[in-house]
Amino acid sequence: MASFFLILMGFFIVVANIIGFIIYIKKRNLYFSAFTILLLAVLFGVIGGALAIFIIRDPFAMFYGMQVGYYLMMNSAIVFIIAVLATVVKKYSSGKM
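Computed from a predicted model, the values in this text were never measured in an experiment.

Colleague: So what exactly am I meant to see when it comes to the overall build of the protein here?
Modeller: The number of helices and strands found in the protein is 3 helices and 0 strands. The secondary structure elements of the protein, listed N-terminal to C-terminal, are α-α-α. Compactness check: the protein gives a C-alpha radius of gyration of 16 Å against a globular reference of 13 Å for 97 residues, more than 25% above the reference. Each of the three principal axes of the protein carries a C-alpha extent, and together these read 60 × 20 × 20 Å. Out of the 97 residues in the protein, the part that is buried amounts to 28%. Counting contacts in the protein only where the partners sit at least 6 residues apart, residues at least 24 apart contribute 65% of the total.

Colleague: Can you help me understand the nonpolar core in this one?
Modeller: Within soluble globular proteins, side chains that are nonpolar tend to cluster in buried spots. Grouped together as the largest cluster of nonpolar side chains are 13 residues, with contacts concentrated most on Phe44, Tyr64, Val68 and Leu72. Broken down by element, the residue count for this core peaks at 5 residues, all from helix 1 (residues 2-27). In this view, tyrosine 64 contacts Phe5, Leu8, Met9, Gly48, Gly49 and Ala52; residues no more than four positions away in its chain are not counted.

Colleague: Hey, could you run me through helix 3 (residues 62-94) in this one?
Modeller: Here helix 3 spans 48 Å end to end across 33 residues, near enough to the 48 Å set by a 1.5 Å rise per residue. Taken together, the buried positions of helix 3 are Tyr64, Gly65, Val68, Gly69, Leu72, Asn75, Ser76, Val79 and Ala83. Backbone geometry just after helix 3 places glycine 95 at a positive phi near 80 degrees.

Colleague: What's the story with the side chain of serine 76 in this structure? I'm lost.
Modeller: Here serine 76 lies in helix 3. A residue is classified by how much of its surface remains accessible, and serine 76, at 5% relative accessible area, is buried. Setting aside residues no more than four positions away along its own chain, serine 76 makes contact with Ala34, Ile37 and Leu38.

Colleague: Before we go on, may I ask you to explain helix 2 (residues 30-56) in this structure?
Modeller: For an α-helix, the turn length of 3.6 residues means that residues three or four places apart are oriented alike. An ideal rise of 1.5 Å per residue puts 39 Å on 27 residues; helix 2 measures up with 37 Å between its terminal C-alpha atoms. Buried residues of helix 2: Ser33, Ala34, Thr36, Ile37, Leu40, Ala41, Phe44, Gly45, Gly48, Gly49 and Ala52, and no others. Its side-chain oxygen placed 3.1 Å from the backbone nitrogen of tyrosine 31, asparagine 29 serves as the N-cap of helix 2. Trailing helix 2 by a residue or two, arginine 57 shows a phi angle of about 60 degrees, which is positive.

Colleague: Would you take a moment to explain the side chain of asparagine 75 for this structure?
Modeller: Tracing the backbone through its elements, the reader meets asparagine 75 in helix 3. Its relative accessible area of 14% is what places asparagine 75 among the buried residues.

Colleague: I keep staring at unusual backbone geometry and nothing clicks. Help me out?
Modeller: Comment: phi is negative for the bulk of residues other than glycine, and the bulk of peptide bonds are trans. If you check the backbone angles, arginine 28 has positive phi at about 55 degrees while not being a glycine. Its location among the elements puts arginine 28 in the loop between helix 1 and helix 2.

Reading guide: rules and limits
Residues numbered from 1 in each chain as written. Predicted model: local features only at pLDDT ≥ 70, side-chain atom pairs only at ≥ 80, totals over all residues. Heavy atoms only, no water. Helix = DSSP H or I, 4+ residues; strand = E, 2+ residues; numbered from the N terminus. Rg over C-alpha atoms; globule rule 2.2 N^0.38 Å. Buried < 20%, exposed > 50% of the residue type's maximum accessible area, 1.4 Å probe, protein only. Contact = heavy atoms within 4.5 Å. Core = buried A, V, L, I, M, F, W, Y, C linked by side-chain atoms within 4.5 Å. Expected span 1.5 Å × (residues − 1). Polar contact = N/O pair within 3.5 Å; in protein donor to acceptor, adjacent residues only side chain to side chain.

Spelled out as structure tokens, the structure:
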């Protein structure tokens, strides 16, 4: 059962990153992409918690959803830091800073 939830967690992380990448390609905005991944962290955290509650049938399974949301929030923070660094490098290299 634990391997199922690890695979599900990896699946949610990959799907959130792919959706964030698609949003980046359409909007050409890294900040919006990081915000989308942050919103998906909440959504996938709730979905993961609900699945865990239905499968395990234990109220403490909701912590699994919180763990998925936590990893996706850290992922969103990393994308946001990369967006800030890319903006700083872009402004510094063009001489506008």
